[in-house]
Amino acid sequence: MSEAKKEELTESNPFVDVATHLFLEDIADKQGAAGLNNYLMSLATSLARSMPAEEYETWEEFLDALRNRQSILSAFETITTPTDNCVVNPVCPFARGWMEYTKRIGSFSKIHSEVAEYYNSTVKAGAINSMCIIHQTFRRAAAERIHVAGKPLRVAQTAAIWSDGEKKTVPAEWQPIILERAGISETDLNMILRNNACVWVIYTE
Amino acid sequence: MLDVALVSLIQDMSDKAGVEGTIEYWTRVGENMAKRIGKEAYVGWPSFNVALREGRTGFSIEGDVTALTDLAITDVDGDVVGYLYALKQCCFVPTIMRTRLSVGALPSADRAVAEEYNNSVHDIAVCNFCVIHEKFTQEASKYITVGGQVLDCLMLATRGFTGDTKISEDNLKKIGMNPEYVRSLLRNYDCVYAILMKGARLAEED
């Protein structure tokens, strides 16, 4: 199937995007931020587990698959790799859903950021809203299904900027280690964040 | 990605809450979405149809809706009280395609939910998402008035991703339309429904 045809067939659909956000809000109404957080994490983990596992002999082979969108980690999103360990999403794959929501429904419900606060304080700091919880949990679960040279892949969130401009970087005490693994400086990170949506690190132990 | 994640959860949700539970969830999602989109008012059918064509109505969230203005619905006095509308592409096809390309086949719960809905609510679903869609169209029409009259929506026919079709003979009878008209529409459209004035005195077809 040609890329253009694939693009045409899989183009985002506002009905599903908006319905899914409202479905999540409905869950939050009944189960609160904690319940929604569990649901989002389960949603993302379930998706990653439903995809085939991957094995690569070398890091270069893995990077090729990642860059060509043949890996689970890049199946749903466009990525660039400023270094061999740093991955960047120029556009958040959830941005279009948010835009459809704000266009057709109104301002984004507060629960989406409240659940991120819950996630940041109880699971891992780095989420701006509910979409980041899905995305970051998916990446961790997907990485568990990828082995490079026999070693399990690891991912670490570095920073994200949402469509409305809100920015979230990991806690300052984690940053030096993460940036070292990414092979970028803090200045590099800030430069990347000017025109991109999400920055994360990939590595093996 | 969000929608593909949701598809992967349909099985889990149906295993835990049963297919009836999934139908309840989806019904509420359709209802909430229509409520959140809000009210609209049009002076007459031409202005509603133009708004629809230009993507300004709540129904436009479904994608490209075509107003089949050659298929008007008339009441017992011969006045136009509604039209048939159709979607060239089901609003869930992109999600189904994304799922097939990245994950694989839809979970078996998709079919199970559709079958339960067909048996217990309305025999029109070709996939589990039809549950959300039918409820949405029914509810969204309640928030729209044409010439001061509240609207109603009747789902008439659907064609699924794998080619299976459903035609609602009960709803067709209500608007006095021959099922064969709608069957031929399914050659070119995935979903056909009627939007008409609520409570209109319709002449049922014999």
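Just above sits the structure.
Described below are features of the structure shown in this document. (Residues numbered from 1 in each chain as written. Chains lettered and ligands numbered in written order. Predicted model: local features only at pLDDT ≥ 70, side-chain atom pairs only at ≥ 80, totals over all residues. Heavy atoms only, no water.)

## With respect to the overall build of chain A
When helices and strands are counted, chain A shows eight helices and six strands. Reading chain A from its N terminus to its C terminus gives the helix and strand order α-α-β-α-β-α-α-α-β-β-β-α-α-β. Here the C-alpha atoms of chain A give a radius of gyration of 17 Å, agreeing with the 17 Å that 2.2 N^0.38 yields for 205 residues. For chain A, the proportion of its 205 residues judged to be buried stands at 54%. In chain A, 63% of the contacts between residues at least 6 apart in sequence involve partners at least 24 apart. Surface accessibility of chain A: about 9200 Å² in total, with carbon and sulfur atoms responsible for 47%. Each charge sign in chain A was given a centre, from 20 positive and 27 negative side chains, and these centres are 2 Å apart. (Helix = DSSP H or I, 4+ residues; strand = E, 2+ residues; numbered from the N terminus. Rg over C-alpha atoms; globule rule 2.2 N^0.38 Å. Buried < 20%, exposed > 50% of the residue type's maximum accessible area, 1.4 Å probe, protein only. Contact = heavy atoms within 4.5 Å. Areas by Shrake-Rupley, 256 points an atom, 1.4 Å probe, with all protein chains shown as cover. Lys, Arg positive; Asp, Glu negative; His and termini not counted. Charge placed at Lys NZ, Arg CZ, Asp CG, Glu CD.)

## What to know about the overall build of chain B
Helix and strand counts for chain B stand at seven helices and seven strands. Taken from the N to the C terminus, the helices and strands of chain B come in the order α-β-α-β-β-α-α-α-β-β-β-α-α-β. With respect to the principal axes defined by its C-alpha atoms, chain B has extents near 50 × 35 × 30 Å. The buried share among the 206 residues of chain B stands at 56%. The contacts in chain B between residues at least 6 apart in sequence include a share of 66% that link residues at least 24 apart. About 8700 Å² of surface is accessible on chain B, with carbon and sulfur atoms providing 46% of the total.

## With respect to the nonpolar core
One finds Phe 48 and Leu 84 of chain B to be the most contacted residues of the largest nonpolar core, which totals 135 residues. It is helix α2 (residues 14–49) of chain A that contributes the most residues to this core, 16 residues altogether. Non-local contacts of Phe 48 of chain B, meaning those with residues more than four positions away in its chain, are made with Tyr 42, Thr 57, Phe 59, Tyr 85, Ile 144, Val 146, Leu 151 and Ile 195 of chain B. Counting 16 residues, the second largest nonpolar core, distinct from the first, contains Ile 161, Val 170, Ala 182 and Leu 193 of chain A. (Core = buried A, V, L, I, M, F, W, Y, C linked by side-chain atoms within 4.5 Å.)

## A word on empty space enclosed by the protein
It is a probe the size of a water molecule, rolled over the atoms, that shows where empty space is left. Tallying each qualifying case throughout the model produces four cavities of 30 Å³ or more. As a volume, the largest cavity reaches approximately 100 Å³. Around the largest cavity, the lining is made up of 13 residues, and of these Cys 92, Cys 132, His 135, Ala 160 and Cys 198 of chain A lie nearest the centre. Element by element, the count of residues in the lining of the largest cavity is highest for helix α6 (residues 130–143) of chain A, at four residues. Class assignment for the residues of the lining of the largest cavity results in eleven nonpolar, two polar and no charged. Taken together, Cys 90, Phe 92, Val 126, Cys 130, His 133, Thr 158, Arg 159, Asp 190 and Cys 191 of chain B make up the lining of the second largest cavity. Of all the secondary-structure elements, those providing two or more residues to the lining of the second largest cavity are α5 (130–142) and β5 (149–159) of chain B. Taken together, the residues of the lining of the second largest cavity sort by class into five nonpolar, two polar and two charged. (1 Å grid on protein atoms, 1.4 Å probe; cavity = no way out; pocket = protein on both sides within 12 Å on 5 of 7 lines; lining within 4 Å. Points joined across faces, edges and corners; volume = space filled by probe spheres on them. Nonpolar A, V, L, I, M, F, W, Y, C, P; charged D, E, K, R; others polar.)

## Some remarks on the pattern of salt bridges
All names here are of chain B. Scanning the entire structure with this criterion turns up 18 salt bridges over all chains. Residues Lys 142 and Glu 139 are paired through a salt bridge, measuring 2.9 Å at the closest nitrogen-oxygen approach. Of this pair, Lys 142 and Glu 139 both sit in helix α5, three residues apart, which is roughly one turn of that helix. You can call Glu 139 buried: its relative accessible area is 10%. Arg 159 is the salt-bridge partner of Asp 190, the closest N and O atoms lying 2.6 Å from each other. Of this pair, Asp 190 sits in the loop between α7 (179–185) and β7 (191–197) while Arg 159 sits in strand β5, placing them 31 residues apart in sequence. Judged by relative accessible area, Asp 190 falls into the buried class, the value being 10%. Through salt bridges that share partners, Glu 31, Lys 135, Glu 139 and Lys 142 make up one connected network. (Salt bridge = Lys/Arg side-chain N within 4 Å of Asp/Glu carboxyl O.)

## Some points on the interface of chain B and chain A
Accessible area lost on assembly of the parts is the figure often given for the size of an interface. Residue-level contacts link 34 residues of chain B with 38 residues of chain A. The junction of chain B with chain A conceals about 3400 Å² of combined surface from both sides, 72% of it contributed by carbon and sulfur atoms. Along the contact surface separating chain B from chain A lie two salt bridges. Between Asp 26 of chain A and Arg 28 of chain B there is a salt bridge, and its shortest N-O distance comes to 2.9 Å. In this structure, the connection of chain B to chain A is made through six residue pairs in polar contact (both at pLDDT 80 or more). Within the residue set of the side of chain B that touches chain A, elements represented by two or more residues are α1 (2–37), α3 (93–102) and α5 of chain B. If you tally residues by element for the side of chain B that touches chain A, the top one is α1 of chain B, at 17 residues. For the side of chain B that touches chain A, the class distribution of residues is 22 nonpolar, six polar and six charged. (Buried area = accessible area lost by both parts, 1.4 Å probe. Polar contact = N/O pair within 3.5 Å; in protein donor to acceptor, adjacent residues only side chain to side chain.)

## Concerning the pairing of β5 of chain B
Residues and elements named next belong to chain B. With two bridges connecting them, strand β4 (residues 144–146) and β5 associate as antiparallel partners. Note that in β5 the partner of Thr 145 across the bridge is Val 150. Note that β5 and β7 share seven bridges and pair antiparallel. Among the inter-strand pairings, Asp 152 is bridged to a residue of β7, identified as Leu 196. Where β5 lies against strand β6 (residues 165–167), three bridges are found, and the strand directions are antiparallel. Bridge assignment links Ala 157 to a residue of β6, and that residue is Ile 167. Hairpin connection, β5 to β6: the antiparallel pair is bridged by five residues, and Gly 163 has positive phi, about 100 degrees. (Pairing = 2+ DSSP bridges.)

Everything listed here is a matter of geometry and, on its own, says nothing about what the molecule does.
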